[in-house]
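# Summary of the model geometry
Here is how the chains run, residue by residue.
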Amino acid sequence: MSNRLRQTWDLETVFPGGSASGEFDDFLKKLAADVDALAAQIGSLNPPASVEQTDVFDPIFENVQSVSARFRQAGAFVSCLSAQDQNDQKAGQLSARVGSIRARWQSVVATFDSILQNTEDEVWEAWTTRESVAPISFNLSESRAQARDKMTPELESLALSLSVDGYQGWSSFYNTIIRHVRVKYEENGETQLLSAAQAANKLGSSDPKQREEMGRNWEQAWTDVEDYCADTLNHLAGFRLSLYEKRGWDDVLREPLEINRMSGKTLSAMWQAITDNKAIFVEYLNRKARLLGTEKLGWHDVDAPIGESESKIDYDDAADLIVEQFRSFSPRMADFAQRAFDNHWIEAEDRAGKRPGGFCTALPLTKQTRIFMTYSGTASNVSTLAHELGHGYHQHVMDELPTFSQRYAMNVAETASTFAEMIVADSLVKKAATEEERIVLLEDKIQRSVAFFMNIHARFLFETRFYEKRRSGLLTPQDLSALMVEAQEEAFCGALDDYHPHFWASKLHFYNTGVPFYNFPYTFGYLFSAGIYAQAQREGQSFADKYDALLLDTGRMTVEELASKHLGVDLTKPDFWQAAVDMSVADVRSFLDMTASKVG
C-alpha cells in the first residue's frame, strides 16, 4: 500500500511540545537537583575499609545508574530536536543546558570513581563478588582502572567544567557551520540551494555529469567555510591533546582504544589484514571505472550506481523488505523493526533543514529508540535504514540489563548495525531475478567493503597524522586538505583520478566529542559482523539465540573476551581478520567474473 508508513518520527510521546516542552524543562530541573544531591552524598563518603562498610553503596549504585539513564534520555531527545531542524535555536540552548548539567554530573562520577580507585584490593575483590554488585562488577572495575590513569578528581572535574564552553562548545559550533552550508544544484534549468543533507544524497547520482557538477559544488561549499571548520577542528584537537598531556598520555589512540575496549594489537591485526588484501579492491575500482566508461574513478564515482538509471525503492517497500529479511534470521529482530515502523520511531523524510547523516539513539526510560536519516529511495538508503535498525535492536536486547552494563562501545555497536545490513544485502543478491540485477546488488554490497577498507582507512590515517602534527601548532585549511588527499591516495592505493580535499571539513565524525577517532570502530564492526554472519549462515535460525547472547555481553566484556567466549577466536591474531576479509574478496571475485564480458 502506498504511503502506508509515516516518514516523520514521534517525539511528542517522549516529551510533548518539542524544544518548548514544559515537561522536559521540569525533567531537567529534577535531574539537576538529583545530581546536586548525589554530589553531596558521594562527597561525604570514604572508600570502604571492609566489606561490611560497602552496604551503604548499594542505594548509591542504584541512584548513579538512574541518573545515567536519565542523561541518556535527555541527550537523545535534544539530539533528535537538533537533527530534525537545524534552525531550532531553542534545541541548541537545550543541548547546552544538558551539557552543563552533564559536566557537573561527570564531576560527581569522577569523585565516585576515586572512591572505587582508593578501595583496597582485598576489599574490592570481596565487594565486587557480592550478589548485588556482581552484575556490574566489570563496569565498576573498568571505571576504577580508568580513574587510576587520570588526573586527580579535582583536576578532572575542572577539565570537565571547562570543556562545556571549550571542547563541547567547539563541537556545537560545527553544527552551526553545517546549518549555514548551502550547495548549488541545477535541475531543469533552475538553480536551487540545497542543505548539506540534501546535497549529500545527490552525490551518488546515476548521471555522471550531475555527479561531476555536484562534486565540484560540494567541494566549493566546504571551501567557502574552510576557515571556520579549520579553527573548529584545530581547537577540538588542541583541547584533547592538552588534556592527554596533563594525564601523562603520549599515544593519541589510547583513549579511543580504551573507549572501544580493545587492544592496539587487535587494531593493528585488523588494518594489516585489510592492507594485505587491497590489490583485489583496486581491481574492482578499475573494473567499475571501465563499466562507467572512464579511465579512472573520481572520488564521487566510487559510490555511483553502475547502471544507466538508478531504480528508486519506495519507503514502504523498503520497510517490508527489511522486516522480511530480518525475519529470515530472527523473528524477534523482525518484530522489533516492525514496531519501530508502526510506532513512528523513524525520521526519514527528505526535506530541507535536516542535519546530514543518520543515527539511532536510545530512550532508556521508555525502552524505545529513535532513528534519524534522510530517505530518498536509493539502495544505499535502504542499507542505512537496516543499519540503524540494527543499532536499535542491539539496544532492545539489552533493555533489561543494569544501566552500567548497557554501555557498549562504538565498535561492537557497529557490529549489530552492520550485521543487519548484511542480512538485507546478501539476501537481495541471492534473490536477484536476473544477472544484471545481481551485478547491481553485488556491486552495492562491495561498495560498503570499499568504504570500510579504504574510505575509513583514509579517515584513520588522516586523523592519526593530524593529531601528531597538531602537537606542533595550528594547521591551516590548506595543510588539512593536503593531509587529507595524502591519506586518501594511500588508502585507495592511488586508484582514483581525483580526491576530496575538504572531506575533513564535510565529515561530521571528525568533530565528535563523544568518541575520539570516530572511524576505525566502523571497520572493526564490519569485519567482526562478517565473522558472526559467516557463523550465522552455517547454523541458520538456531544461531539467533547465540547472537542475542553475544549482544547481551557487549557492555560487560572487552572485545577480545567477547570474541573468545562467543566465537572461539583470538582477535589479536591475523586469522580471524583474514577470514572476514575473505568474504568481501569472494564478492569482488564474483563481480569481476560476472562483468568480464562487459569490458572485453
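In this text, all values refer to a predicted model and were calculated from it rather than measured experimentally. Counting restarts for each chain: residues are numbered from 1 in the order of the written sequence. The model is predicted, so local features are restricted to residues of pLDDT at least 70 and side-chain atom pairs to those at 80 or more, both for listing and for counting; the totals for chains, interfaces and linings are taken over all residues. Side-chain measures were taken over the full set of non-hydrogen atoms in the model, leaving aside hydrogen atoms and water.

This paragraph deals with the overall build of the protein chain. Along its length, the protein chain carries 24 helices and five strands. For 600 residues, the compact-globule estimate of 2.2 N^0.38 gives 25 Å, and the protein chain sits close to it at 24 Å. Dimensions of the protein chain along its principal axes, counting C-alpha atoms only, are 80 × 50 × 50 Å. The buried share of the protein chain, reckoned over its 600 residues, is 56%. Here, two residues are considered to be in contact whenever any of their heavy atoms come within 4.5 Å of each other. When contacts within the protein chain are restricted to residue pairs at least 6 apart in sequence, those whose partners lie at least 24 apart make up 77%. Per the convention used, a helix needs a DSSP run of H or I reaching at least four residues, while a strand needs a run of E reaching at least two, with both numbered from the N terminus. Note on method: radius of gyration uses C-alpha positions; expected globular size equals 2.2 Å times residues raised to 0.38. Burial classes: relative accessible area under 20% of the type maximum marks a residue as buried, over 50% as exposed, and values in between as partly exposed (1.4 Å probe, protein chains only).

With respect to the helices and strands, the residue Arg130 is situated in the loop between helix H4 (121-127) and helix H5 (137-148). N or O atoms within 3.5 Å of each other form a polar contact, as long as, within protein, one can give a hydrogen and the other can take it, and as long as residues adjacent in sequence are counted only when both atoms are side-chain atoms. A distance of 2.7 Å separates a polar atom in the side chain of Arg130 from a polar atom in the side chain of Thr54.

Here we come to the layout of surface pockets. Space inside the second largest pocket adds up to approximately 380 Å³. Site definitions follow a grid-based scheme: protein atoms alone, a 1 Å grid, a 1.4 Å probe that fits but cannot get out for cavities, and for pockets an open set with protein on both sides within 12 Å along at least five of seven lines, plus lining residues having an atom within 4 Å of a point. Along its surface, the second largest pocket is lined by 19 residues, and Pro208, Glu212, Gly298, Asp301 and Asp498 are the ones closest to its centre. Amino acid classes used here: Ala, Val, Leu, Ile, Met, Phe, Trp, Tyr, Cys and Pro are nonpolar; Asp, Glu, Lys and Arg are charged; the rest, including Gly, are polar. Across the lining of the second largest pocket, the residue classes tally to four nonpolar, six polar and nine charged. Grid points are joined across faces, edges and corners, and a volume is the space filled by probe spheres set on the points.

Attention now goes to the packing of aromatic side chains. Two descriptors summarise a pair of aromatic rings, namely the distance from one centre to the other and the angle between the planes of the rings. Ring pairs are drawn from Phe, Tyr and Trp, using the six-membered ring of Trp, whenever the two centres fall within 6.5 Å, and their geometry is named by plane angle: stacked under 30 degrees, edge-to-face over 60, tilted for the rest. A full pass over the atoms with the stated rule returns 46 aromatic pairs. Ring pairing ties together the aromatic residues Trp271, Trp299, Phe460, Phe462, Phe466, Tyr467, Phe492, Phe503, Phe510, Phe517 and Phe520, which thus form one cluster. Here the guanidinium or amino end of Arg247 rests over the ring plane of Trp249, the centre of that ring lying 4.9 Å away. We call a charge positioned above a ring when the Lys NZ or Arg CZ atom is no farther than 6 Å from the ring centre and deviates by at most 35 degrees from the ring normal. Lying over the aromatic face of Phe372, Lys354 brings its terminal NZ or CZ to 4.9 Å of the ring centre.

Before going further, it helps to examine empty space enclosed by the protein. Unfilled space is identified by rolling a water-sized probe across the atoms. Scanning the model with the defined rule gives one cavity of 30 Å³ or more in all. As a volume, the largest cavity reaches approximately 50 Å³. Around the largest cavity sit Thr418, Glu421, Met422, Ala425, Lys445, Arg448 and Tyr526, which together line it. At the level of elements, helix H17 (410-430) and helix H18 (435-470) are the ones that each hand at least two residues to the lining of the largest cavity. A total of four residues in the lining of the largest cavity trace back to one element, the largest contributor, which is H17. Looking at the lining of the largest cavity, its residues break down into three nonpolar, one polar and three charged.

Ordered by their spatial adjacency, three strands build an open sheet running E3-E5-E4, and the pairing between neighbours is mixed. Each edge of the sheet is formed by a strand with only one pairing partner; in this case those strands are strand E3 (346-347) and strand E4 (359-363). Between any two strands, pairing holds if DSSP finds at least two bridges. As defined by bridge partners, E4 adjoins strand E5 (residues 368-372) across five bridges and the pair is classed as antiparallel. Across the sheet, Leu363 pairs through a bridge with Gln368, a residue of E5. Against the sheet, helix H2 (residues 57-84) makes contact with E4 and E5, and its axis sits at roughly 145 degrees relative to E4, the strand it touches most. A fitted line through C-alpha atoms serves as each axis, taken over the contacting stretch for helices, and the angle formed by two N-to-C directions is quoted from 0 to 180°.

A pair is scored as a salt bridge if a Lys or Arg side-chain nitrogen falls within 4 Å of a carboxyl oxygen belonging to Asp or Glu. Counted according to the given criterion, the structure contains 33 salt bridges. Between Arg351 and Glu349 there is a salt bridge, and its shortest N-O distance comes to 3.0 Å. A salt bridge links Asp587 to Lys445; the shortest N-O distance between them is 3.3 Å. Here Asp587 is found in helix H24 (residues 574-595), whereas its partner Lys445 is found in helix H18, with 142 residues between them in sequence. Counted as one network, the salt bridges with shared partners bring together Glu347, Glu349, Arg351 and Lys354.

This brings us to the pairing of E5. In terms of burial, E5 is largely enclosed, as five of its five residues are buried. Where burial is concerned, the two faces of E5 agree: the one with Gln368, Arg370 and Phe372 and the one with Thr369 and Ile371 are both buried. In terms of strand pairing, E3 meets E5 through two bridges, oriented parallel. Directly across from Glu347, in E5, lies its bridge partner Phe372.

What follows deals with the nonpolar core. Buried Ala, Val, Leu, Ile, Met, Phe, Trp, Tyr and Cys residues form a nonpolar core when they are joined through side-chain atoms within 4.5 Å. Ranked by size, the top nonpolar core spans 143 residues in total, and within it Phe326 and Leu389 carry the most contacts. With 15 residues, the top contributor of residues to this core is H18. Once you skip the residues sitting within four places of it in the chain, Phe326 turns out to touch Met333, Ala334, Ala337, Ala386, Leu389, Ala420, Ile423 and Val424. Of all hydrophobic cores here, the second largest spans 43 residues; its members include Phe24, Ala76, Val98 and Phe404.

The interhelical angle for the contact between helix H21 (residues 520-539) and helix H23 (residues 559-567), taken along N-to-C directions, is 10 degrees, at an axis separation of 12 Å. Comparing their axes, H23 and H21 come out roughly parallel. Contact residues: Phe524, Phe528, Ile532 and Gln535 in H21; Val559, Leu562, Ala563, His566 and Leu567 in H23. Within the contact of H21 with H23, the residues separate by chemical class into seven nonpolar, two polar and no charged. An angle below 35 degrees is read as roughly parallel, one above 145 as roughly antiparallel, one from 65 to 115 as roughly perpendicular, and any other as oblique.

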